[in-house]
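Below, each chain spelled out in residue letters.
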Amino acid sequence: MKKLLILGAGTAGTIMANTMSRKAGKDWEITIVDQSEVHYYQPGYLFMPFGVYTEKDVQKPRKKFLPSRATYRQSGIEQICPEDNKVILAGGEELGYDILIVGTGCRIAPEEIDGLTGSDWGKRSHDFYTFEGARKLTAAMKDWQGGRLVINIAEMPIKCPVAPLEFAFLADWYLTQRGLREKTEIVYTTPLSGAFTKPVASAILNHLLEEKGIIVEQDFAIGSVDNEGHKIVSWDEREVPYDLLVSVPTNMGDRLIERSNMGDELNFIPTNRDTLQAKAKENIFVIGDATDLPTSKAGSVAHFEAEVLTENILSYMKGEEMEERFDGHANCFIESGFGKGFLLDFNYEQEPVPGHFPFPHVGPFGLLSQTRLNHLGKLAFKYVYWHMLLKGYPIPFVDHRMSYLGKKIPNKAKASA
Ligand SMILES: Cc1cc2nc3c(=O)[nH]c(=O)nc-3n(C[C@H](O)[C@H](O)[C@H](O)COP(=O)(O)OP(=O)(O)OC[C@H]3O[C@@H](n4cnc5c(N)ncnc54)[C@H](O)[C@@H]3O)c2cc1C
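No experiment lies behind these values; they were computed from the predicted model shown. (Residues numbered from 1 in each chain as written. Predicted model: local features only at pLDDT ≥ 70, side-chain atom pairs only at ≥ 80, totals over all residues. Heavy atoms only, no water.)

**So, the packing of aromatic side chains**
Quick note on the threshold: Two rings belonging to Phe, Tyr or Trp (six-membered ring only in the last case) form a pair when the distance between their centres is within 6.5 Å. Interplanar angles under 30 degrees mark stacking, angles over 60 mark edge-to-face geometry, and anything in between is tilted. Each helix corresponds to a stretch of at least 4 residues labelled H or I by DSSP, and each strand to a stretch of at least 2 residues labelled E; elements are numbered beginning at the N terminus. Relative accessibility thresholds used throughout: buried, under 20% of the residue-type maximum; exposed, over 50%; partly exposed, between the two (1.4 Å probe, protein chains only).
This model, assessed by the stated rule, comprises 18 aromatic pairs. Centroid distance Tyr45 to Phe131: 6.4 Å. Interplanar angle 50°. Geometry classified as tilted. Pair noted here: Tyr45 is in the loop between strand E3 (38-40) and strand E4 (59-61) and Phe131 is in helix H2 (residues 131-143), with a separation of 86 residues, a long-range link. One exposure class covers both Tyr45 and Phe131, and it is buried. With a centroid separation of 5.0 Å and an interplanar angle of 55°, the aromatic rings of Phe47 and Tyr53 are classed as tilted. The burial state of Phe47 is the same as that of Tyr53; both residues are buried. Through a chain of ring-to-ring contacts, the aromatic side chains of Tyr41, Phe65, Phe381, Tyr385 and Trp386 assemble into a single cluster.

Rendered as structure tokens:
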């Protein structure tokens, strides 16, 4: 038997285990490894602090989503040894492979920011990128009686780059409902020169921040957190005081990647942007947040990548040319509060522009316009995630290749990274 080994049973690894179990020849044995028995629906962390989702909504037993054909090993992963085609588990056991898929995602690294894990951490400063962080922030938002609520993005790239913006919009909505908005200053501090990485979307979202009275501190590169003075300080010595700090710390690939000497300075794995093959070794493939690809780190992206990767690995198994190409397609709903939302659709080459999705001129979703349907689409993503996306089923009418139909493209607006 030949061996296909998948590292990480999050969004990307689970999809790959399902698609490969359906499609790989019977001469392939499939094993998938993850350290935790719970599968978390990370997009749901955004909604927990506002009481929209509960803890129960965002977690389910991991095994429920894995195919019976694949052997599931619950274990930490210590190291990948590309030269020996083997992986060492936390307990020292070694697993050999013919083909390896790395889907170990990325983690927040609050320790990278001087003072962030100081005395305020978990009390006045929180994250919502982990289950524990979202839980603590939920309690803090419940207790909130007004003051200065500061949202900070430490540096890019981060997973779901629109999530901090959504947090600001939802905080505006939630505090308005509770009669606390007038007693709260919401401050959005970002290292970018605007609301988002892509210029056309950024202009529209900047305008919305202004409309909602959210103060924006742009080009703010955080240097440290002063826990005694309760303020964040940028490298150019600007100070932003907070009563509650909602931090999106540096995002990095897992430490396993560093231990395996396979990553860049943020532990993301250099990956061929078309075939999703690791640049270092031809029998290693990378998917999801673990890659260094210049597109969003998002569940929707992992799903589009999986369609490409499945076909490419099947070709590789047969010794054939890998013909599928990933175009960087990302599709992200942005919750904007008060029951409305936006939708972005873009790829490596094309930045988000207005239009309709998935059907040209019809929609029903509006691209870069604020609609109720987009909000409902965002909420429906939870159902799609648990019931279709993890199984690796195609999402109806949505191809892994981005469609240019229905998009209003001014002078072919090109994507910035
Ligand atoms: C707040 C928030 C909001 C988001 N909103 C959206 C959204 O609206 N839409 C969207 O599409 N995406 C969204 N995302 C992003 C989405 O959740 C991720 O992009 C997606 O989960 C990436 O999948 P992945 O498989 O690459 O990584 P993960 O799903 O994170 O899986 C990685 C897995 O690897 C395992 N692992 C890592 N290292 C080791 C090790 N050393 N040993 C053993 N196991 C290991 C982990 O336990 C984990 O299960 C959001 C994310 C967050 C945090």
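So that's the structure; there's more coming.
**Thoughts on the pattern of salt bridges**
Threshold: Salt-bridge detection follows one rule: a side-chain nitrogen of Lys or Arg within 4 Å of a carboxyl oxygen of Asp or Glu.
Enumeration over the complete set of coordinates arrives at 22 salt bridges. The salt bridge partner of Lys23 is Glu311, with a shortest N-O separation of 3.2 Å. Placement of Lys23 in helix H1 (residues 11-23) and of Glu311 in helix H6 (residues 299-317) is noted, with a sequence separation of 288 residues between them. Take Lys23: its relative accessible area is 47%, and that puts it in the partly exposed class. By relative accessible area, which is 30% here, Glu311 ends up partly exposed. Taking the shortest distance from any N to any O, the salt bridge between Asp57 and Lys382 comes out at 3.6 Å. Taken together, the residues Asp57 in the loop between E3 and E4 and Lys382 in helix H7 (residues 372-389) connect sequence positions 325 residues apart. By relative accessible area, Asp57 is classed as partly exposed at 22%.

**Describing the sheet that holds strand E2 (residues 28-34)**
This is how the line gets drawn: Any two strands with at least two DSSP-identified bridges between them are counted as paired. Note on method: axes are straight lines fitted to C-alpha atoms, helices fitted across the in-contact stretch only, with angles between N-to-C directions ranging 0 to 180 degrees. Any pair of residues with heavy atoms lying within 4.5 Å of one another is described as a contacting pair.
Spatial strand order, E5-E2-E1-E9-E20: five strands in an open sheet with parallel pairing. Both edges of this open sheet fall to strand E5 (71-74) and strand E20 (284-286), since each of them pairs with a single strand only. Direction aside, the axes of adjacent strands within the sheet are offset by 20° on average. The pairing of strand E9 (residues 99-102) with E20 spans three bridges and is parallel. Pairing of Val102 across the sheet is with Val286, part of E20. Across the sheet, H1 touches strand E1 (2-7), E2 and E9, and the angle it forms with E2 is around 165°.

**So, the environment of Leu165**
By the secondary structure assignment, Leu165 is in helix H3 (residues 163-177). Relative accessible area serves as the criterion here: at 0%, Leu165 is assigned to the buried category. Residues Leu165 and Phe346 lie 181 residues apart in sequence; the distance between their C-alpha atoms is 18 Å.

**Quick notes on the sheet that holds strand E15 (residues 222-226)**
Spatial ordering of the open sheet is given by E15-E16-E17, a layout of three strands whose pairing is antiparallel. Single-partner strands in this sheet number two, and they are E15 and strand E17 (239-241). Going across the sheet, the axis of each strand differs from the next one's by a mean of 20°, ignoring polarity. Of the strand pairs in this sheet, strand E16 (residues 231-234) and E17 are connected by three bridges, and their pairing is antiparallel. In the strand pairing of E17, Val233 is matched with Glu239.

**Structural notes on the side chain of Asn283**
Cut-off, in case you're wondering: Under the rule applied, a polar contact is a pair of N or O atoms within 3.5 Å (in protein, one hydrogen donor and one hydrogen acceptor; residues adjacent in sequence only if both atoms are side-chain atoms).
With respect to the helices, strands and loops of the structure, Asn283 is situated in the loop between helix H5 (255-259) and E20. Assessed through its relative accessible area of 7%, Asn283 is described here as buried. Engagement of the side chain of Asn283 in a polar contact is seen with the side chain of Asn85, the distance being 3.1 Å. Setting aside anything within four residues of it in sequence, one finds Asn283 in contact with Asn85, Tyr97, Asp98, Ile99, Leu100 and Tyr316.

**Comments concerning H1**
Let me state the cut-off plainly: To estimate the expected span of a helix, count its residues, drop one, and scale the result by 1.5 Å.
Across its 13 residues, H1 extends 19 Å between first and last C-alpha, which sits within 8% of the 18 Å expected from 1.5 Å per residue. Across the 13 residues that make up H1, a large majority, 11, are buried. Among the residues making up H1, those that are buried are Thr11, Ala12, Gly13, Thr14, Ile15, Met16, Ala17, Asn18, Thr19, Met20 and Ser21.

**So, H6**
Look at H6: 26 Å from first C-alpha to last across 19 residues, which is about the 27 Å you get at 1.5 Å a residue. Of all 19 residues in H6, 15 are buried; the element is thus mostly enclosed.

**Brief notes about the site of the ligand**
For clarity, the cut-off: Nearness of a residue to a molecule or strand requires only that one of the residue's heavy atoms be within 4 Å of it. Only the protein chains shown count as cover for residues, and all accessible areas are computed by the Shrake-Rupley method using a 1.4 Å probe. Here the nonpolar group is Ala, Val, Leu, Ile, Met, Phe, Trp, Tyr, Cys and Pro; Asp, Glu, Lys and Arg are the charged ones; every other residue, Gly included, is treated as polar. Delimitation of the domains relies on an automatic or database domain assignment.
Close to the ligand lie 28 residues; Thr11, Ala12, Asp34, Ile77 and Asp289 are nearest. One of the backbone nitrogen or oxygen atoms of Ile77 is found 2.9 Å away from a nitrogen atom of the ligand. Note that a nitrogen atom of the ligand is positioned 3.0 Å from one of the side-chain N or O atoms of Asp254. Compared with its free state, where it exposes 1,000 Å², the ligand has 94% of that area covered by protein. For the shell around the ligand, the secondary structure elements donating two or more residues are H1, H6 and H7. Looking at the shell around the ligand residue by residue, the classes come out as nine nonpolar, 13 polar and six charged. Of the residues that make up the shell around the ligand, three or more belong to each of domain 1 (2-108 + 252-318) and domain 2 (110-250).

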